[in-house]
Amino acid sequence: MDSLEIIIKYWPKLLDGTLMTLKLTFLSVLIAAIISPFLSLTRANASPIAQAPLRLYISFIRGTPILAQLFLVYYGSGQFRLILQEWGLWGFFRDPFNCALLTFVLNTTAYQTEILRGGVMGVNRGEIEAGKALGMNKLRILQRIVFPHAYRIAWPALGNEIILMMKASALASVVTIFDILGRTRQIFSRTFDFSIYLWAAILYLCITAIFVLIWRQAELRLNKHIMPSDHLIVADDHLSAHKK
Amino acid sequence: MSKADLILEANDIYKSFGTVEVLKGISLEAKNHEVISILGASGSGKSTFLRCLNFLEIPTSGTIAFHGEPVNIVNGKPVNPKHIEAIRSRLGMVFQQFNLWTHRTAIENVMEGPIYVKKMAKNLAREKAESLLERVGLKDRMHMYPSQLSGGQQQRVAIARALAMEPDAILFDEPTSALDPELVGEVLKVMQSLAAEGRTMIVVTHEMAFARDVSSKVVFFHAGKIAEQGTPDEMFKNPKTEVFQKFISNI
């Protein structure tokens with residue numbers, strides 16, 4: 001079989017793997033995106049003592065390899081099987097997908113929190129004061145001033161983190177999950193044709209490229225307010241051209 | 001003057017940053033329709049005092065009463081902090097650095113307070129914002145972002161933003177100090193028209209002409225205390241203290 005025949009025969013499996021990679025990445029990034037704003041506020045504003053546990057967690061995540069974290073959750077949970085069974089959590093940890101998802105959520109939450117903290121701390125104090133002076137309450141100030149700016153500042157770094165997470169999700173294949181890499185290894189073990197790894201690389205490359213394109217368009221839209229007026233028109237044309 | 005005319009009353013305000021005492025017992029009252037100019041060298045505490053009036057700085061001790069309702073401050077903590085947001089919503093503020101929200105257009109900046117603090121309907125807020133921007137001469141710029149406006153234009157948007165809340169008094173914190181000299185005039189003109197329609201204003205400024213010609217009362221700060229106060233006429237013609245004499249002769 002040449003490599004074209006292999007791809008014709010096995011593309012449904014690769015597609016299935018692609019969907020798994022997207023699902024794992026999307027879910028972990030989404031769950032982290034819901035948690036990290038709260039944690040980033042704690043990191044930006046809370047007293048050093050109050051945020052000590054959070055810093056410990058972030059240091060641990062950033063200081064250890066994600067593969068080690070995955071093993072810790074997947075194999076480590078087996079060590080505590082009896083306790084987990086007692087708590088009714090064994091059903092969750094028995095499924096490798098859940099273990100991978102949990103690990104990736106814990107991992108990317110730590111990074112997203114730190115990225116967003118930089119954004120929160122980068123918001124112009126004066127604009128916050130203007131909100132206060134108008135009588136806005138704290139929640140409104142966060143919603144209308146702090147986070148709109150924080151996300152704009154953090155946007156490129158967040159995009160970077162999502163790409164890194166997408167590629168790190170290939171580690172899930174080590175704990176028996178059939179994502180892109182998992183399927184690729186499976187196909188290789190049947191065909192012994194190395195070119196299937198090339199197809200996998202192309203898949204990862206395509207996902208990244210599409211994501212970068214979407215993220216870029218969003219960035220242009222978010223940053224309308226700091227572009228000189230003629231660029232603004234160009235950006236608008238660019239966006240509307242894309243819609244068609 | 002009846003009691004009802006008293007809008008803002010600051011009593012014995014002290015403020016320290018660490019070990020540095022910036023305000024050393026300041027008392028000042030603002031009556032309805034009064035335009036008070038606060039003068040003083042930099043470091044004299046005038047901006048800090050103004051920021052204490054709407055609690056952007058919390059004084060170390062003292063009392064600030066708004067329409068006769070006092071907020072007492074003990075050990076740097078307001079005794080009834082719930083009042084603060086309500087007071088702020090009725091007390092406009094214009095900043096030296098404009099502090100417009102850069103991610104919103106001029107009209108969105110002006111609509112923000114009425115919609116999100118006063119819960120006004122969006123279309124009403126928009127109409128109001130349009131007429132206010134027209135009033136400060138920026139109707140044709142209302143869909144521009146702050147980065148596309150000059151300093152003077154930004155400051156006029158900021159004034160419109162303060163006016164949109166229909167405040168009982170407006171605080172101005174050196175509103176022209178960050179502007180190029182040729183842009184100062186357009187902002188002062190707007191402020192002058194506000195004074196002429198009887199708005200209550202407290203203005204920290206270095207514009208002597210404004211203090212002399214527009215305000216009804218001048219207060220001179222020196223080293224964290226009020227060194228001298230009076231009508232502009234008395235103050236500029238017969239300065240009583242040596243420090244104020246020296247201050248105006250240096251300008």
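To be clear, the structure that these remarks concern was listed above.
Summarised in this report is the structure supplied together with it.

**Concerning the overall build of chain A**
Helix and strand counts for chain A come out as twelve helices and zero strands. Its C-alpha atoms give chain A principal-axis dimensions of about 70 × 55 × 25 Å. Burial analysis of chain A (244 residues in total) assigns 45% to the buried set. A separation of at least 24 residues holds for 73% of the contacts in chain A among residues at least 6 apart in sequence. Just so you have it, chain A exposes about 13300 Å², and 68% of that area is on carbon and sulfur atoms. For chain A, the separation between the mean place of its 24 positive charges and that of its 15 negative charges on side chains is 7 Å.

**Some details on the sheet that holds strand β4 (residues 61-66) of chain B**
Residues and elements named next belong to chain B. The five strands lie next to each other as β2-β1-β4-β5-β6, forming an open sheet whose pairing is antiparallel. Taken across any chain shown, the strands that pair with only one partner, and hence form the sheet edges, are β2 (20-31) and β6 (77-78). The sheet contacts of helix α1 (residues 46-53) involve β1 (6-17), β2 and β4, and relative to β1 the element is tilted by about 125 degrees.

**Brief notes about the nonpolar core**
One finds L8(B), I13(B), I38(B), F49(B), L53(B), L171(B) and I202(B) to be the most contacted residues of the largest nonpolar core, which totals 70 residues. Top contributing element to this core by residue count: helix α9 (residues 138-168) of chain A, with twelve residues. Contacts of L53(B), omitting those with residues within four sequence positions, involve L8(B), A10(B), I64(B), L91(B), L171(B) and I202(B). Core analysis: the second largest hydrophobic core is formed by 40 residues, F98(B), A106(B), L149(B) and A158(B) among them.

**Quick notes on the layout of surface pockets**
Empty pockets left among the atoms are what a rolling probe the size of a water molecule brings to light. When its volume is computed, the largest pocket comes out at roughly 590 Å³. In terms of lining residues, the largest pocket is bounded by 22 residues, among which R125(A), I128(A), K132(A), K138(A) and I141(A) are the most central. Secondary structure elements with two or more residues in the lining of the largest pocket: α1 (3-45), α7 (96-121), α8 (125-133) and α9 of chain A together with α2 (82-89) of chain B. At four residues, α9(A) tops the list of elements feeding residues into the lining of the largest pocket. Residue composition of the lining of the largest pocket, grouped by class: 15 nonpolar, two polar and five charged. Lining the second largest pocket are 19 residues, with F26(A), V29(A), I162(A), F211(A) and W215(A) sitting closest to its centre. Those elements giving two or more residues to the lining of the second largest pocket turn out to be α1, α7, α9 and α11 (195-222) of chain A. Take the lining of the second largest pocket: its biggest share by element is seven residues, from α1(A). Considering only residue class, the lining of the second largest pocket consists of 15 nonpolar, four polar and no charged.

**Some points on empty space enclosed by the protein**
For the structure shown, the criterion picks out one cavity of 30 Å³ or more. Reported here for the largest cavity is a volume of approximately 40 Å³. When residues of the lining of the largest cavity are traced back to their parent elements, those giving at least two are α8 of chain A together with β7 (91-94) and α5 (151-163) of chain B. A class-by-class count of the residues in the lining of the largest cavity yields six nonpolar, one polar and one charged.

**Digging into the packing of aromatic side chains**
Tallied over the entire structure, the rule returns 15 aromatic pairs over all chains. Taken together, a centroid distance of 6.0 Å and an interplanar angle of 70 degrees make the contact between F188(A) and F192(A) edge-to-face. These aromatic residues form a ring-pair network of at least three members: F188(A), F192(A), F194(A) and Y197(A). When the ring centre of F97(A) is taken as origin, the NZ or CZ atom of K23(A), which lies over that ring, is 4.8 Å away. A cation sits over an aromatic face here: R161(B) above W101(B), 4.4 Å from the ring centre.

**Some words on the sheet that holds strand β9 (residues 201-204) of chain B**
Sheets are built from strands that pair by backbone hydrogen bonding, the pairs being arranged parallel or antiparallel. All names here are of chain B. If you walk across this open sheet you meet the six strands as β7-β8-β9-β3-β10-β11, and the pairing is mixed. At either margin of the open sheet sits one strand with a lone partner, and together these are β7 and β11 (225-230). Strand-to-strand twist in this sheet, taken as the mean axis angle between neighbours without regard to direction, amounts to 20 degrees. Examined bridge by bridge, strand β3 (residues 35-40) and strand β10 (residues 217-222) share five bridges and lie parallel to one another. Bridge pairing links G40 to F221 in β10. Here helix α9 (residues 242-249) sits on the sheet and contacts β3, β10 and β11; the angle it forms with β10, its principal contact strand, is near 105 degrees.

**Notes on the interface of chain A and chain B**
Contacts between the two partners involve 24 residues from chain A, matched on the other side by 25 residues from chain B. For the pairing of chain A and chain B, the buried interface totals around 2200 Å² over both sides, and the portion due to carbon and sulfur atoms is 56%. Summed over the three residues of chain A that lose the most area to chain B, namely L134(A), R144(A) and H225(A), the buried surface amounts to 31% of that side. Joining chain A to chain B, the criterion identifies two salt bridges. Across the pair R144(A) and E112(B) runs a salt bridge whose closest N-O atoms are separated by 2.6 Å. Put simply, the parts of the chain that give the side of chain A that touches chain B at least two residues each are α8, α9 and α12 (229-243) of chain A. Residues that form the side of chain A that touches chain B fall into these classes: nine nonpolar, seven polar and eight charged.

**Description of a nonpolar patch on the surface**
All names here are of chain A. Together, F26, L30, I31, I34 and I35 line one region of the surface with nonpolar side chains, adding up to about 440 Å² of accessible area. Along the chain, the position of L30 falls in helix α1. Under the relative-accessibility criterion, L30 is labelled partly exposed at 39%.

**Observations concerning the pattern of salt bridges**
Within this structure, the stated rule accounts for 19 salt bridges over all chains. The partner of E166(B) in a salt bridge is K118(B), with the nearest N and O atoms 3.9 Å apart. With E166(B) in the loop between α5 and β8 (169-173) and K118(B) in the loop between α3 (106-116) and α4 (122-135), this residue pair connects regions lying 48 residues apart in the sequence. Here the salt bridges share partners, and the residues they tie into one network are R43(A), R62(A), E114(A) and R117(A).

**Digging into the side chain of S37(B)**
On the secondary structure map, S37(B) appears in strand β3. Contacts of S37(B), omitting those with residues within four sequence positions, involve V203(B), T205(B), F210(B), A211(B), S215(B), K217(B), V218(B) and V219(B).

Procedures and definitions
- The residue numbering used here restarts from 1 in each chain and proceeds along that chain's sequence as written.
- As a convention, the first chain written is A and the first ligand written is 1, with the rest following in written order.
- pLDDT decides what is reported in this predicted model: residues at 70 or higher carry local features, side-chain atom pairs at 80 or more are listed and counted, and totals for whole chains, interfaces and linings draw on all residues regardless.
- Where side-chain values are given, they derive from all heavy atoms of the structure, hydrogens and water being excluded.
- Helix and strand definitions follow DSSP, with helices as H or I runs of at least four residues and strands as E runs of at least two, each counted in order from the N terminus.
- Using a 1.4 Å probe on the protein chains alone, a residue whose accessible area is under 20% of its type maximum counts as buried, one over 50% counts as exposed, and one in between counts as partly exposed.
- Pairs of residues are marked as contacts when any of their non-hydrogen atoms sit within 4.5 Å.
- Every accessible area reported is derived by Shrake-Rupley at a probe size of 1.4 Å, with residue values counting cover from the shown protein chains alone.
- Only four residue types enter the tally: Lys and Arg on the positive side, Asp and Glu on the negative side; His and the chain ends are excluded.
- Charged groups are reduced to one reference atom each: NZ for lysine, CZ for arginine, CG for aspartic acid, CD for glutamic acid.
- The rule for pairing is simple: two strands pair if DSSP sees at least two bridges between them.
- Fitting a line to C-alpha atoms yields each axis, with helices limited to the stretch in contact; the angle taken between N-to-C directions then spans 0 to 180 degrees.
- Put simply, a nonpolar core is a bunch of buried Ala, Val, Leu, Ile, Met, Phe, Trp, Tyr and Cys residues held in one set by side-chain atoms that sit within 4.5 Å of each other.
- A 1.4 Å probe that fits but cannot get out identifies a cavity on a 1 Å grid over protein atoms alone, an open set with protein on both sides within 12 Å along at least five of seven lines counts as a pocket, and a residue lines either if it has an atom within 4 Å of a point.
- Grid points are joined across faces, edges and corners, and a volume is the space filled by probe spheres set on the points.
- Nonpolar residues are Ala, Val, Leu, Ile, Met, Phe, Trp, Tyr, Cys and Pro. Charged residues are Asp, Glu, Lys and Arg, and all others, Gly as well, are polar.
- Any pair of Phe, Tyr and Trp rings, taking the six-membered ring for Trp, is counted once the centres come within 6.5 Å. Such a pair is stacked with planes under 30 degrees apart, edge-to-face with planes over 60 apart, and tilted for the rest.
- To sit over a ring, a charge needs its Lys NZ or Arg CZ within 6 Å of the ring centre and within 35 degrees of the ring normal.
- Summed over both partners, the accessible surface that disappears when two parts come together, traced with a 1.4 Å probe, is what is meant by buried area.
- Whenever a carboxyl oxygen of Asp or Glu lies within 4 Å of a side-chain nitrogen of Lys or Arg, that contact is scored as a salt bridge.
- Distance thresholds for patches are 9 Å for like charges and 5 Å for nonpolar side chains (Val, Leu, Ile, Met, Phe, Trp, Tyr), applied to residues having over 30% relative accessible area and no salt bridge.

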